[in-house]
Amino acid sequence: AEEDAAKRLAALPLRDELRGQHPYGAPQLNVKAMLNVNETTYDVPEDVVDAITKEVRRASATLNRYPDREFTLLRQKLAEYLNRDLVSDGASADLTADHIWAGNGSNEVMQHILQAFAGPGRTVMSFPPTYSMYPLYARGIYSEYIAGTRSPDFTQDPQDVADQIRQHRPHVVILCSPNNPTGTALGLDVVEAAYEAARESQTMVIVDEAYGEFRQPGTPSALQMLPGRPRLIVTRTMSKAFALAGGRLGYLAAAPEVTDALRLVRLPYHLSAVTQATACAALDHSETLMANVEKIKLQRDRIVTELRRLGLTPAPSDANFVFFGGLVDKKAAWEHLLADGILIRDVGIEGHLRVTAGTEEETTAFLESLRRHLQTQR
Ligand code: PMP
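Computed from a prediction, not measured in an experiment: that's the story for all the values here.

## Here we look at unusual backbone geometry
With the exception of glycine, the majority of residues adopt a negative phi angle, and the majority of peptide bonds are in the trans configuration. Cis geometry marks the peptide bond from proline 128 to proline 129; its omega dihedral reads -5 degrees. Residue placement: proline 129 occurs in the loop between β3 (123-126) and α5 (133-140). The amide bond that connects serine 177 to the next residue, proline 178, takes the cis arrangement and shows omega of -5 degrees. With respect to the helices, strands and loops of the structure, proline 178 is situated in the loop between β5 (172-176) and α7 (188-199). In this structure, asparagine 38 is a non-glycine residue whose phi angle is positive, near 60 degrees. Taking the number of C-beta atoms within 10 Å as the measure of exposure, asparagine 38 has 23 and is therefore buried. The phi dihedral of glutamine 202 is positive, around 55 degrees, even though this residue is not glycine. Along the chain, the position of glutamine 202 falls in the loop between α7 and β6 (204-208).

Structure representation (structure tokens):
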């Protein structure tokens, strides 16, 4: 049956570059510990569920009308939220609704950016191992993807990043900080060096901070670099720290002219009234939602410490997951964990796997299962 379906697909006049390709997506298995897509594993707290329900109920009465195309209230609330983040970094809070754009997940936000600033005949560059959707976004908007390089320990050196950008002169460069799948955060010196190198080629510089809220103390967000840098964009998402992956709300901060550019490519009314109501209610309860972030960071740090004790090589992490190497047979390890009801991520790098930091119980189950697996390997 699968073969027949493949034959019928092949008979369609599909774009050449899509032939033989597989859709992106990690396994969605209903097991006891789902630690493979970096969600918050805590359920949405009851009072937030109530607030969302109330707002969605209110929005329901006007679903006969198209939603606010400008999602004005949501942009205001996102600006206020990011301003609080800026203040926590000791920076000034100068974002307004005009600096904010949002979409159905930061994936859609990223697609809008590339539709506006990349496209046919243009190039998109990022630095693998990094978020594996970046080349797929490029393919989707008919752009060429350029794979840069990073150090063996997954860090990025400012001079090296600048040299690579000067060499390739991409139309858009994507820095991911903290980086998925490695957890590596970038210092502001790297962002600054990238922006300066990109100045000559008028390259748009995106810093994907999907995991920004999990950064270690002392690691600042790139948000404070926005003033005076009209080609810098910082993207965020409510899918991770806000425990709202199912709500599909990603956003960005940038100069107001950048958001004007994105209005040219977005589909009409792309953010449903239900989505806007959900996100606004969640933002009104950001402190409650974010209470779990500190707990998750503790488990993240615990995973790094414990994996080292097990003789493995976890990368330092500023995110809500840990990337670790030193496995003799990553597939055997992944299968052993799954047999114990623990689903983690194989990102296709030899000897390495990635695990999301969940609750204390989930982390314990993961560490215990992995310990047993390693014993069978000796
Ligand atoms: N950027 C990075 C680095 C990610 O890891 C993810 C989700 N895995 C996203 C963007 C997209 O997330 P969402 O569309 O849910 O906002």
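More follows now that the structure is in view.
## Focus on α5
Of all the positions in α5, only Tyr134, Tyr137 and Ala138 are classed as buried. End-on view of α5: buried residues confined to an arc of 100 degrees, all on one side of the axis. As for α5, its buried residues are in contact with α4 (106-117), β3, β4 (144-147) and β5. Looking one or two places after α5, you find tyrosine 142, whose phi comes out positive at around 65 degrees.

## Describing the sheet that holds strand β12 (residues 353-356)
Strand order across the open sheet formed by three strands is β9-β10-β12, with antiparallel pairing between neighbours. Of all strands in the sheet, those with a lone pairing partner are β9 (313-314) and β12, marking the two edges. The pairing of β9 with strand β10 (residues 321-325) spans two bridges and is classified as antiparallel. Following the sheet pairing, proline 314 is matched in β10 by phenylalanine 324.

## Details of the environment of alanine 102
Counting through the fold element by element, alanine 102 comes out in strand β2 (residues 100-103). Residues in contact with alanine 102, not counting those within four places in the same chain, are Phe71, Leu74, Arg75, Leu78, Val109, Leu249, Gly250, Tyr251 and Leu271.

## Re the nonpolar core
Inside soluble globular proteins, nonpolar side chains tend to come together where they are buried. Counting 99 residues, the largest nonpolar core has Ala102, Leu114, Val172, Leu175, Ala194 and Ala282 as its most contacted members. Taken domain by domain, this core gets at least three of its residues from each of domain 1 (2-44 + 290-377) and domain 2 (47-287). The residues contacting leucine 114, other than those within four sequence positions of it, are Val124, Tyr137, Ala138, Ile141, Ser143 and Val172.

## What to know about the pairing of strand β7 (residues 232-237)
Counting buried positions along β7 gives six out of six residues, so the element sits mostly inside the fold. The two faces of β7 match: Leu232, Val234 and Arg236 on one face and Ile233, Thr235 and Thr237 on the other face are all buried. In this structure, β6 lies alongside β7, joined through four bridges in parallel fashion. By the bridge assignment, valine 207 is partnered in β7 with valine 234.

## Some thoughts on α7
With twelve residues, α7 ought to run about 16 Å at 1.5 Å a step, and its terminal C-alpha atoms sit 16 Å apart, in line with that. Three or more residues of α7 are buried, namely Val190, Val191, Ala193, Ala194, Tyr195, Ala197 and Ala198. On the buried face of α7, the contacting elements are α6 (158-168), β5, β6 and β7.

## Examining the domain arrangement of the chain
When its domains are assigned, the chain resolves into domain 1 (2-44 + 290-377) and domain 2 (47-287). Of note, the centres of domain 1 and domain 2, computed from C-alpha atoms alone, are 24 Å apart. Taken together, the contact pairs 26 residues of domain 1 with 26 residues of domain 2. Contributions of two or more residues to the side of domain 1 that touches domain 2 are made by α10 (286-309) and β10. Counting residues per element, the side of domain 1 that touches domain 2 draws most heavily on α10, which supplies seven residues. For the side of domain 1 that touches domain 2, the class distribution of residues is 15 nonpolar, five polar and six charged.

## A short note on the sheet that holds β5
Backbone-to-backbone hydrogen bonds join strands into a sheet, with any given pair of strands oriented parallel or antiparallel. Strand order in the open sheet formed by seven strands is β2-β8-β7-β6-β5-β3-β4, and the pairing between neighbours is mixed. Edge positions in the open sheet fall to β2 and β4, since each of these has one partner strand only. The mean inter-strand angle of the sheet, taken between neighbouring strand axes irrespective of direction, is 25 degrees. Sheet topology note: the β7/strand β8 (residues 250-254) ladder contains five bridges and is antiparallel. What sits directly across from arginine 236, in β8, is tyrosine 251.

Cut-offs used in this document
Residues numbered from 1 in each chain as written. Predicted model: local features only at pLDDT ≥ 70, side-chain atom pairs only at ≥ 80, totals over all residues. Helix = DSSP H or I, 4+ residues; strand = E, 2+ residues; numbered from the N terminus. Buried ≥ 20, exposed ≤ 12 C-beta atoms within 10 Å, placed from the backbone. Arc of directions from axis to C-beta. Contact = placed C-beta atoms within 7 Å. Pairing = 2+ DSSP bridges. Core = buried A, V, L, I, M, F, W, Y, C linked by C-beta atoms within 7 Å. Domains from an automatic or database assignment. Expected span 1.5 Å × (residues − 1). Nonpolar A, V, L, I, M, F, W, Y, C, P; charged D, E, K, R; others polar. Axes fitted to C-alpha atoms, helices over the stretch in contact; angles between N-to-C directions.

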